[in-house]
Number of protein chains: 2
Amino acid sequence: MPTISKEDYLKSIYTLNLQDDKAVSTSNLAAKLEISNAAISEMSKKLYDLGLISYEKYKGVELTKEGKRIALKILRRHRLWELFMIKVLNLNWDEVHDEAEKLEHHTSDFLIDKIDEYLGFPEFDPHGAPIPSKDGVLPEMPKLIPLNNCEIGRKYQVLRVVDSPSELISYLGRIGMNIHSNIEVVEKLSFDNSIIVMLDNVNHSLSEKVVDKIFVKEIEED
Amino acid sequence: MPTISKEDYLKSIYTLNLQDDKAVSTSNLAAKLEISNAAISEMSKKLYDLGLISYEKYKGVELTKEGKRIALKILRRHRLWELFMIKVLNLNWDEVHDEAEKLEHHTSDFLIDKIDEYLGFPEFDPHGAPIPSKDGVLPEMPKLIPLNNCEIGRKYQVLRVVDSPSELISYLGRIGMNIHSNIEVVEKLSFDNSIIVMLDNVNHSLSEKVVDKIFVKEIEED
DNA sequence: TTTGATTTTTAAGCATGCTTAAATATTATA
DNA sequence: TATAATATTTAAGCATGCTTAAAAATCAAA
Ligand SMILES: [Mn+2]
Ligand SMILES: [Mn+2]
Ligand SMILES: [Mn+2]
Ligand SMILES: [Mn+2]
């Protein structure tokens, strides 16, 4: 098994690659992991030698099959721990990510499977992220729409909120927005890319930074 | 907060110092932590500079007040995790120590206090070890007798079993010996320091290695 | 109390994973 | 297409925490 650093690299490569389906650039990775580009270059060589990523100088990196397997394994641990802390230990939405970021590297397969079993083999974590199964399989996911692609006047259900930074989802919790909340897009302000949504009959203005973290699906009106 | 290695050093110094109340020698620590004497000497200097131990060359080490505070904090995390895994996740007696050895270094005060609360602020872990409180206070402990100091014909209650190596307590579990089991010392064989005890009307021969890990209190006959 | 065994420390070296500064490659712009 | 801006890699260095081998201190036994 790779080190803690390597696990976090693989996880970050996986999630960045999901966002736009092409090789992940050094600087993107550096920004995400908050370390220097130089460190990324060095580590990329090591992960390449371990057969966990493909890497050509100046061309960015992509996960190999084995690299992806490990990334999903760490994501599984992360998401199961988050759900467990919320469901069992009563932590809040915004209190679990940083804990999970550490625990994910120090949990045996045996233990995480016990946690999985205790929770009844859940498919989604508290922020709507899919939980890979023991075998590394992701559950069937509904097609998600970024909130900034939504149309005025339509109604949507919140299905996914990126769980970091914690202040952000703490804020969403305070205004009453959770996974499965129903919202209506009231207005889109093009000059700052903010969006006004109605939630429980109250209007809330969400800045671009916040909007970027929210994913929804359209509600079929009937 | 110290690193993982430093936390384990402090914890080991604490437990070795409990056993015989004098400065802990380099080689004792090296054996316990399974690293070289040279590494112990180096780390001792660092912990001394951090004010966590007293250290004079060739004289061994002892915890300072601050060093002891940290050692107890890590022990608290270790023991609460062990109890939690057994009580909540249904792990066995012998499956929790190695997991706890890792988790103890990656659990915030906030999270461990939630676990403590969930368990109802327990005073002893599943192996009978006392759990330091949030404030670093150990619960009142009954006076424990090492099993090898016991007398033939007398009855005792098992109050403490050292939880490592796991094969050892796994064995004790299999023969039905647990914390609070009642046993009677049937025979002490001086040629190999083994002891025969009666447990649930069955005799079991315990080797010296096993005997050394068990602590009891005398049962008042009435 | 001197000698020899044992314990402990020092010295040198290595792996990991960072940093900053300099060099080099890529890309965008004119 | 030459040049300037940007992105990436290389180079050198540092902290941590180990290792083995050699040196030095302590302890034990005659
Ligand atoms: Mn998270
Ligand atoms: Mn992490
Ligand atoms: Mn333990
Ligand atoms: Mn540990």
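First things first, this report covers the structure right here in the doc. Residue numbering note: each chain is counted from 1, following its sequence as written. All chains are assigned letters beginning with A, and all ligands numbers beginning with 1, in the order in which they are written. Local features in this predicted model are restricted to residues of pLDDT 70 or higher, and side-chain atom pairs are both shown and tallied only at a pLDDT of 80 or more, whereas totals for entire chains, interfaces and linings draw on every residue. Based on all heavy atoms of the structure, the side-chain values leave hydrogens and waters out of the count.

## Some remarks on the overall build of chain A
We count a stretch as a helix when DSSP gives it H or I for four or more residues in a row; a strand needs E for two or more, and each element gets its number in order from the N terminus. Counting its secondary structure elements, chain A contains 8 helices and 8 strands. Radius of gyration here is computed from C-alpha atoms only, and the compact-globule reference equals 2.2 Å multiplied by the residue count raised to the power 0.38. In terms of overall size, chain A behaves like a compact globule, its C-alpha atoms giving a radius of gyration of 19 Å where 222 residues would be expected to give roughly 17 Å. Seen along its three principal axes, the alpha-carbon backbone of chain A occupies a region of about 55 × 45 × 30 Å. Think of it in three bands: with a 1.4 Å probe and only protein chains considered, a residue is buried below 20% of the maximum accessible area for its type, exposed above 50%, and partly exposed in between. A burial count over chain A gives 45% of its 222 residues as buried. Note on contacts: a residue pair is in contact if any heavy atoms of the two residues lie within 4.5 Å. If you take every contact in chain A between residues at least 6 apart in sequence, the share linking residues at least 24 apart comes to 60%.

## Brief notes about the coordination of the manganese ion (ligand 3)
Residue and element names in this part refer to chain B. Any N, O or S atom lying within 2.8 Å of the metal counts as a donor, and for Na, K and Ca the limit rises to 3.2 Å; water is left out, so some sites can look incomplete. Note on the manganese ion (ligand 3): its protein donors are H78 (NE2), E82 (OE), H97 (ND1) and D163 (OD). The metal-donor distances range over 1.6 to 2.1 Å. Coordination of the manganese ion (ligand 3) draws on donor residues from a single chain, spaced H-x3-E-x14-H-x65-D in sequence. With H78 in helix 4 (residues 65-87) and D163 in the loop between strand 4 (155-161) and helix 7 (166-174), the pair connects residues that are 85 residues apart, well separated along the chain. Assessed through its relative accessible area of 4%, H78 is described here as buried.

## Re the protein's contact with DNA strand C
Around DNA strand C lies a shell of 23 residues, among which T3 of chain A together with S27, S41, Y55 and K57 of chain B are the nearest. Being near a molecule or strand, for a residue, comes down to having at least one heavy atom within 4 Å of it. Here DNA strand C approaches the protein such that, of its atoms within 4 Å, sugar and phosphate make up 71%. What qualifies as a polar contact is a pair of N or O atoms within 3.5 Å, subject to a donor-acceptor requirement within protein and to the restriction that residues adjacent in sequence count only when both atoms come from side chains. Side-chain polar atom of T26 of chain B to a phosphate oxygen of DNA strand C: 2.9 Å apart, as the coordinates give it. In the environment of DNA strand C, a phosphate oxygen lies 2.5 Å from a nitrogen or oxygen atom belonging to the side chain of S41 of chain B. Among the elements of the structure, helix 1 (4-19) and helix 3 (37-49) of chain A together with helix 2 (26-33) and helix 3 (37-49) of chain B are those that each provide at least two residues to the surface near DNA strand C. In terms of residue class, the surface near DNA strand C is built from 9 nonpolar, 8 polar and 6 charged. Polar here means any residue outside two lists: the nonpolar Ala, Val, Leu, Ile, Met, Phe, Trp, Tyr, Cys and Pro, and the charged Asp, Glu, Lys and Arg; Gly therefore counts as polar.

## Some words on the relation of the copies chain B and chain A
When chain B is brought onto chain A, the operation consists of a screw motion whose angular component is 180° and whose axial shift is 0.0 Å, with 0.0 Å RMSD remaining. Such a turn and shift between the copies fits a two-fold axis. For chain B, the minimum C-alpha distance to the rotation axis belongs to L103 of chain B and amounts to 3.5 Å. Looking at the interface residues of chain B, 100% of them are also at the interface in chain A, so both copies use one shared face. When the copies are superposed, the least-squares fit draws on C-alpha atoms of residues that have pLDDT of at least 70 in both.

## Let's talk about the sheet that holds strand 7 (residues 202-206) of chain B
Residue and element names in this part refer to chain B. Strand pairing is assigned whenever DSSP identifies at least 2 bridges connecting the two strands. Here 6 strands make up an open sheet; going across it, the order is 3-8-4-5-6-7 and the pairing antiparallel. Strands at the two margins of the open sheet, each flanked by one partner only, are strand 3 (145-146) and strand 7. Sheet topology places strand 6 (residues 194-199) next to strand 7; 5 bridges connect them, and they run antiparallel. Note on strand 7: the bridge partner recorded for V197 is H204.

## Quick look at the pairing of strand 5 (residues 182-189) of chain A
All names here are of chain A. With 3 bridges connecting them, strand 4 (residues 155-161) and strand 5 associate as antiparallel partners. Each bridged residue has a counterpart across the sheet, and for K155 the counterpart in strand 5 is E184. For strand 5 and strand 6 (residues 194-199), the ladder comprises 5 bridges, and the chain directions are antiparallel. The residue of strand 6 that forms the bridge with V185 is V197.

## Topic: the coordination of the manganese ion (ligand 2)
Residues and elements named next belong to chain A. Protein coordination at the manganese ion (ligand 2) comes from D8 (OD), E101 (O), E101 (OE), E104 (OE) and H105 (NE2), with a distance range of 2.0 to 2.4 Å. By relative accessible area, which is 23% here, E101 ends up partly exposed. Look at E104 and you get buried, because its relative accessible area is 0%.

## Observations regarding the nonpolar core
A general feature of soluble globular proteins is that nonpolar side chains tend to end up buried together. Each nonpolar core is a collection of buried residues, namely Ala, Val, Leu, Ile, Met, Phe, Trp, Tyr and Cys, held together in the definition by side-chain atoms within 4.5 Å. Residues W81 of chain A together with W81, L147, M177 and I214 of chain B are the most contacted members of the largest nonpolar core, which totals 54 residues. With 6 residues, helix 4 of chain B is the largest single contributor of residues to this core. Not counting the four nearest positions on each side in its chain, M177 of chain B is found in contact with W93, V158, L172, I183, V197, L199, L206 and I214 of chain B. Among the nonpolar cores identified, the runner-up in size contains 22 residues, and C150, Y156, L168 and L172 of chain A belong to it.

## A few points about the protein's contact with DNA strand D
Close to DNA strand D lie 23 residues, the nearest being S27, S41, Y55 and K57 of chain A together with T3 of chain B. The sugar-phosphate backbone supplies 72% of the atoms of DNA strand D found within 4 Å of the protein. At 2.5 Å from a phosphate oxygen of DNA strand D is found a side-chain nitrogen or oxygen belonging to S41 of chain A. Those elements that place two or more of their residues in the surface near DNA strand D are helix 2 (26-33) and helix 3 of chain A together with helix 1 (4-19) and helix 3 of chain B. Residues of the surface near DNA strand D, tallied by class, amount to 9 nonpolar, 8 polar and 6 charged.

## A closer look at the packing of aromatic side chains
Aromatic pairing here means that ring centres of Phe, Tyr or Trp (its six-membered ring) are within 6.5 Å. Orientation follows from the plane angle: under 30 degrees is stacked, over 60 is edge-to-face, and everything else is tilted. Tallied over the entire structure, the rule returns 6 aromatic pairs over all chains. Taking 6.0 Å as the distance between ring centres and 85° as the angle between the ring planes, the aromatic pair formed by W81 of chain A and F84 of chain A counts as edge-to-face. A residue pair is termed a helical-turn pair when its members lie 3 or 4 positions apart in one helix, as W81 of chain A and F84 of chain A do in helix 4 (residues 65-87) at 3 residues. Across this residue pair, the class does not change: W81 of chain A and F84 of chain A are buried. Measuring from centroid to centroid gives 5.7 Å for F84 of chain A and Y118 of chain A, while their planes differ by 70°, and the two rings are edge-to-face. Within this pair, whereas F84 of chain A is found in helix 4, its partner Y118 of chain A is found in helix 6 (residues 109-119), the two being separated by 34 residues in sequence. Ring pairing ties together the aromatic residues W81, F84 and Y118 of chain A together with W81, F84 and Y118 of chain B, which thus form one cluster.

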